[in-house]
Each structure stands twice: as structure tokens, then as C-alpha cells.
Amino acid sequence: MNTMRLKMLCCEVFAREANYCAALSPHVIDIEFTEKDAHDHSPTLRKSIQSKIDAASESEDKYDAILLGYGLCGNSIADLRARSLRLV
């Protein structure tokens, strides 16, 4: 199996679970958390997540995919797009 390099954007409320899964994964996972109360302002959170997706897509780290770790979060992940990477 080839090792993949993944970028995970995740709500801070899932920090323990995300870090645990990353530690067990055979892949390299770079995790970036958003504040757990950021969903109180969904449009702002959506814009922030989209900005992070765009930055990961253009990163020199050459990610294979972007992982999202969010619950409902005020529907903040609705309509997000990754232009050059798979969004999971």
C-alpha cells in the first residue's frame, strides 16, 4: 500500500478522535482545527474552511486528498469545493 499524504480540516470538538485516528493511520495526516464555537457564524466558518481547502490545494506539501471532520456545524460545509484534490 502506498502511503498517502492527507490534510484534515476538523472542528476542535473532534480533536481527540481525529488525533487518535491519525495516530493509527498508515498515512501521513496533517490536521488543522477550527474553533469549536465557530459554527455560531456559519458563513464566516464556511469562508474560513474554503480558504483552508484552497491553501491545501496550492500547498507545497502535495496532498493526495483533503479530509473534513465536521458535524452539522450550522451547515458550514455546504457547497465547499476542492478544485484540484479529492474532498472526503
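A. Looking closely at the side chain of His27. By secondary structure assignment, the location of His27 is in the loop between α1 (15-24) and β2 (28-34). Taking relative accessible area as the criterion, His27 reaches 17% and is therefore assigned buried. One polar contact links the side chain of His27 to the main-chain amide nitrogen of Met4, over a distance of 2.9 Å. Not counting residues up to four positions away in its chain, the partners in contact with His27 are Met1, Asn2, Thr3, Met4 and Leu6.

B. Summary view of the sheet that holds strand β1 (residues 5-11). As summarised here, the arrangement of the four strands in space is β2-β1-β3-β4, forming an open sheet in which the pairing is parallel. Here the strands that pair on one side only, and so sit at the sheet edges, are β2 and β4 (86-87). In terms of strand pairing, β1 meets β2 through seven bridges, oriented parallel. Counted as the bridge partner of Leu9 is Glu32 from β2. On the sheet, α1 packs against β1 and β2 and is oriented at approximately 170° with respect to β2. The sheet strands contacting helix α2 (residues 42-58) are β1, β2, β3 (65-69) and β4, and the helix crosses β3 at an angle near 155°.

C. Local environment of unusual backbone geometry. Although it is not a glycine, Lys62 adopts a positive phi angle of roughly 55°. Examined against the element boundaries, Lys62 turns out to sit in the loop between α2 and β3. Despite not being glycine, Asp79 shows a phi value in the positive range, around 70°. Judged by relative accessible area, Asp79 falls into the exposed class, the value being 63%.

D. Geometry of α2. Between its first and last C-alpha, α2 extends 24 Å over 17 residues, near the 24 Å set by a 1.5 Å rise per residue. What α2 keeps buried is the set Ser42, Leu45, Ile49, Gln50, Ile53 and Ala56. Each buried residue of α2 sits inside an arc of 135° when the element is viewed along its axis, so together they form one side. Residues of α2 that are exposed and angled more than 90 degrees away from the buried face: Pro43, Thr44, Lys47 and Glu58.

About the criteria used
- Residues numbered from 1 in each chain as written.
- Predicted model: local features only at pLDDT ≥ 70, side-chain atom pairs only at ≥ 80, totals over all residues.
- Heavy atoms only, no water.
- Helix = DSSP H or I, 4+ residues; strand = E, 2+ residues; numbered from the N terminus.
- Buried < 20%, exposed > 50% of the residue type's maximum accessible area, 1.4 Å probe, protein only.
- Polar contact = N/O pair within 3.5 Å; in protein donor to acceptor, adjacent residues only side chain to side chain.
- Contact = heavy atoms within 4.5 Å.
- Pairing = 2+ DSSP bridges.
- Axes fitted to C-alpha atoms, helices over the stretch in contact; angles between N-to-C directions.
- Expected span 1.5 Å × (residues − 1).
- Arc of directions from axis to C-beta.

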